[in-house]
Amino acid sequence: MGRQPHVLVIPYPAQGHVMPLMKLSMKIAEHGVKVTFVITEFIEAKIMASMPEKAWWSQIIRFVSIPDGLEGEDDRKDAAKTRETMLRVMPGHLKNLIDKVNQSNDGGQIKCVLADTTVGWVLEVAKKMGIPGTAVTPAGPGGVALSLHIPKLIEAGIIDTNGTPMSDELISLSKETPAWKVNELTWSSPSDPKIQKIIFEYVSSAVQTLRNSNWVLCNYFNELDPWACDLVPNMLTIGPLLASNHSGHLAGNFWPEDSTCLSWLDKQPTGSVIYVSFGSLAKLNQQQLHELALGLESLDQPFLWVVRKDLVQVSNADHEFPEGFTERVASRGKVVEWAPQEKVLAHPSVACFLSHCGWNSTIEGLSMGVPFLCWPYFADQFHNRSYICDAWKVGLELIPDNNGIITSHELETKIKTLLIHDAIKANALKLKEMARKSLAPGGSSFQNFQSFIAQIFKY
Ligand code: UDP
């Protein structure tokens, strides 16, 4: 096999992107490939601050940071400014970094660049430097297929050039893949056209990204919906990407994990706990938070609820819950700011996952065989919900009332229904087994990953 090859990996600077690309990097490194993982300085500071102990993983993966050109936290809340600045500043820093690595004698030249599909400019830089590029999608194949289909949707007059729907037609890309409602597209944000335009730009850029890429690696296993994979040329499904497949602690959390919930889970009856998490970005308004709290309180079940500091727009955490809630549920409710999610989902005490249906959460829940209660917010989460509830039949959907609120009554009813739904439980276990087989020798994800690694060694 010759000299140890060296690859450079770059995620988009968000939790749901850094995490899967980190898991992928670990997997690549474990196959004897040197990995340099490039993040922004801002994200590096978050990750370092959330690490419980010295960075053991630095022996396997080299972390390098580059500036994103933005100043403080506030700057980054402005999506347009963030996109414009990153596109202007980061390509130069990346080129300098690659030049520096390639000129040094210690690390070996970079043979391949792996970039998140949302940072397609990375593959432009690689191409200009004569380095092969591979795209990695942190979403499922359906999302990538929809992105590639955008020019046709515009041509057919279904959306305009800003992604705004022009008709009510359902968008269907194959008979087997769930169709999209036009108000639930990856970029849909009817209340904020500016945000919609920016997300649309990110999503549309996938066409160009894929042109500069030999493969699209996807955190997915082919057996879930092989037809969706056929919609994306050169897609290699290599998932599920799981931290539990690697020894030790994984780097990449933006918040410190609160592991006390694992010993708390140990004390709960098998298959009893409702796990509630909305990922890293989704936000609830105060009224919605109250309804959720009351819904959880009304059930006679233990629950573990991830309440990030920024889940609601209130700074004092105690004031977020209904009065007396914390005391009333103290004996059966546990609230943490950030959980070791994969370990939680794998815990035998967990009965179901009330989730925003982010792609990583979806894949993690599937891999652990946990039934879902779906509460999507934006981006691909609506389509993931359609897969979970309609295609794979491993969950139920929460329906908002006329004011857009998911009431405590809706929560109570759906959770009760889910907990006694034997067909959903059986399907969830079937998919868990499917995921396991896919990663085992001979399985589709196993073989795809071997092909990818073999190609890296040929560069
Ligand atoms: N996550 C975690 N602890 C938590 C909540 C989430 O480790 O308390 C992880 C979760 O396992 C997943 C990621 O954060 O890997 C969230 O990604 P996802 O695509 O589900 O949602 P996003 O944050 O992008 O909306």
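Remember, it's a predicted structure, so these values are computed and weren't measured experimentally.

Visitor: When you look at the packing of helix α11 (residues 286-298) against helix α16 (residues 408-419) in this model, what are you seeing that I'm missing?
Guide: Pairs of packed helices are described in terms of their axes, by the angle between the two and the distance that separates them. For the pair α11 and α16, interaxial distance at closest approach is 8 Å and the crossing angle is 40°. Taken together, the axes of α11 and α16 lie oblique to each other. Every pair of crossing elements has a handedness; the one defined by α11 and α16 is right-handed. Contacts between α11 and α16 involve Glu291, Leu292, Leu294, Gly295 and Ser298 on the former and, on the latter, Ser408, Leu411 and Glu412. Grouping the constituent residues of the contact of α11 with α16 by class yields 3 nonpolar, 3 polar and 2 charged.

Visitor: Help me understand the pattern of salt bridges in this model?
Guide: Where side chains of opposite charge bring their charged atoms close, a pairing between them can arise. For the structure on display, the rule yields 17 salt bridges. Among the salt bridges present, the one from arginine 76 reaches aspartate 68, with a minimum N-O distance of 3.0 Å. For the pair shown, arginine 76 and aspartate 68 are each scored as buried. Measuring nitrogen to oxygen at the nearest pair gives 3.8 Å for the salt bridge that ties lysine 283 to aspartate 310. Of this pair, lysine 283 sits in the loop between β8 (273-277) and α11 while aspartate 310 is found in the loop between β9 (303-306) and α12 (325-328), placing the two residues 27 residues apart along the sequence. We classify lysine 283 as partly exposed; its relative accessible area is 36%. A cluster of three or more residues bridged by salt bridges with shared partners is formed by Lys23, Glu342 and Glu364.

Visitor: Where do I start with the site of the ligand in this structure?
Guide: In the vicinity of the ligand, 18 residues are found, and the nearest of them are Ser280, Ala339, Asn360, Ser361 and Glu364. Interatomic distance of 2.5 Å between a side-chain N/O atom of serine 361 and an oxygen atom of the ligand. Contact between the ligand and glutamate 364: an oxygen atom at 2.6 Å from a side-chain N or O atom of the residue. For the ligand, the accessible surface in isolation is 530 Å², of which the surrounding protein chains cover 94%. At the level of secondary structure, the elements contributing two or more residues to the shell around the ligand comprise α1 (15-29), β8 and α14 (359-367).

Visitor: Sorry if this is basic, but what is going on with the sheet that holds strand β7 (residues 235-237) here?
Guide: Sheet strands pair via backbone hydrogen bonds, and the direction of the pair is either parallel or antiparallel. Sheet architecture is open: 7 strands sit in the order β3-β2-β1-β4-β5-β6-β7, paired in parallel fashion. Two strands close off the open sheet at either side, each with one partner strand: β3 (61-66) and β7. Taken over all neighbouring pairs, the strand axes of this sheet differ in orientation by 25° on average, direction set aside. Here strand β6 (residues 216-218) pairs with β7 via 3 bridges, running parallel. Of the residues in β7, the one forming a bridge with cysteine 218 is threonine 237. Those strands touched by α1 are β1 (6-10), β2 (34-40), β3, β4 (110-116), β5 (133-137) and β6, and its axis lies near 165° from that of β2. Of the strands in this sheet, β2 and β3 touch helix α2 (residues 41-50), which is tilted by about 105° from β2.

Analysis parameters
- Residues numbered from 1 in each chain as written.
- Predicted model: local features only at pLDDT ≥ 70, side-chain atom pairs only at ≥ 80, totals over all residues.
- Heavy atoms only, no water.
- Axes fitted to C-alpha atoms, helices over the stretch in contact; angles between N-to-C directions.
- Helix = DSSP H or I, 4+ residues; strand = E, 2+ residues; numbered from the N terminus.
- Parallel < 35°, antiparallel > 145°, perpendicular 65-115°, else oblique.
- Left-handed = near helix turned anticlockwise from the far one by under 90°.
- Contact = heavy atoms within 4.5 Å.
- Nonpolar A, V, L, I, M, F, W, Y, C, P; charged D, E, K, R; others polar.
- Salt bridge = Lys/Arg side-chain N within 4 Å of Asp/Glu carboxyl O.
- Buried < 20%, exposed > 50% of the residue type's maximum accessible area, 1.4 Å probe, protein only.
- Near = heavy atom within 4 Å.
- Polar contact = N/O pair within 3.5 Å; in protein donor to acceptor, adjacent residues only side chain to side chain.
- Areas by Shrake-Rupley, 256 points an atom, 1.4 Å probe, with all protein chains shown as cover.
- Pairing = 2+ DSSP bridges.

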